[in-house]
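Spelled out, the chains give:
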Amino acid sequence: TLENEIIKVAKNINLTINTNGKEISGTSDKAATAKLFEVASGGSLTLTGNGTITFRAYKPDTNWDPEGFPTYATNTIANNGTLVIDGPTIINTTPRGGASYAIDNYAGGNLTVLSGTIKQTGGDVAIRMNTSTAGETKANNVTINGGTISGRRAIWIHLAGGKSTTAPYVNLTVNGGTLSTTDTAGKNL
């Protein structure tokens with residue numbers, strides 16, 4: 001278990017972690033952006049095996065004013081590079097009320113889910129396709145070939161807000177797997 005630590009995959013690093021039935025867990029008690037894994041642009045992380053990766057932030061930003069959105073997010077994995085999930089369970093257990101995601105895939109990020117489970121148990125969204133960075137033009141790519149993605153919302157395409165001059169392309173491809181949502185409004189993935 002890691003407390004207030006981030007496992008960073010830097011540019012030009014290709015890392016594969018076989019969870020092999022084990023658990024990797026992290027927590028944060030800082031009132032700031034928090035995450036367990038961070039994949040930089042040009043970096044690559046492949047997670048395999050039947051283990052579990054969990055993260056919980058104890059001080060998420062629940063202040064929705066004045067911008068109408070929390071200032072910072074808390075993520076199990078923040079991806080700006082290439083991320084492949086093939087087997088493990090990825091969970092974010094941060095309580096609902098802030099911006100927290102099991103996987104936050106940024107513009108320029110490439111996420112492929114081959115198998116496994118991605119879920120947001122305490123908060124809102126399992127996978128956010130984040131395109132809200134001002135001036136970003138790289139595509140946000142998510143491909144679901146298998147596995148289960150679940151949360152209040154399974155996937156959220158977060159389009160650029162008023163501060164952005166252009167929204168990047170969003171490519172969501174679902175070839176298989178299961179998307180499960182508990183959102184009763186019926187308008188969200």
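Refer to the structure printed above.
Residues numbered from 1 in each chain as written. Predicted model: local features only at pLDDT ≥ 70, side-chain atom pairs only at ≥ 80, totals over all residues. Heavy atoms only, no water.

Please clarify how the overall build of the protein should be interpreted in this entry.
Of the regular secondary structure elements, the protein holds zero helices and 17 strands. Within the protein, the proportion of its 189 residues that are buried is 46%. By sequence separation, contacts in the protein at least 24 residues apart represent 81% of the contacts at least 6 residues apart. Element-wise, carbon and sulfur atoms account for 46% of the exposed surface of the protein, whose accessible area totals about 8700 Å². (Helix = DSSP H or I, 4+ residues; strand = E, 2+ residues; numbered from the N terminus. Buried < 20%, exposed > 50% of the residue type's maximum accessible area, 1.4 Å probe, protein only. Contact = heavy atoms within 4.5 Å. Areas by Shrake-Rupley, 256 points an atom, 1.4 Å probe, with all protein chains shown as cover.)

Any chance you could explain the pairing of strand S6 (residues 44-48) here in plain terms?
Within a regular strand, side chains alternate between the sheet's two faces. Burial analysis of S6 places five of its five residues in the buried class, which makes it a mostly covered element. Alignment of strand S3 (residues 14-18) against S6, held across five bridges, turns out to be parallel. Pairing of asparagine 18 across the sheet is with threonine 48, part of S6. As defined by bridge partners, S6 adjoins strand S9 (residues 82-92) across five bridges and the pair is classed as parallel. Residue serine 44 lies in a different strand from S9, and its bridge partner there is threonine 82. (Pairing = 2+ DSSP bridges.)

Would you take a moment to explain the sheet that holds strand S15 (residues 153-158) for this structure?
As summarised here, the arrangement of the six strands in space is S2-S5-S8-S10-S12-S15, forming an open sheet in which the pairing is parallel. At either margin of the open sheet sits one strand with a lone partner, and together these are strand S2 (7-9) and S15. Across the sheet, the mean angle separating the axes of adjacent strands is 25° when strand polarity is ignored. Pairing geometry for S2 and strand S5 (residues 34-39), over three bridges, is parallel. Looking across to S5, one finds that isoleucine 7 is bridged to phenylalanine 37. (Axes fitted to C-alpha atoms, helices over the stretch in contact; angles between N-to-C directions.)

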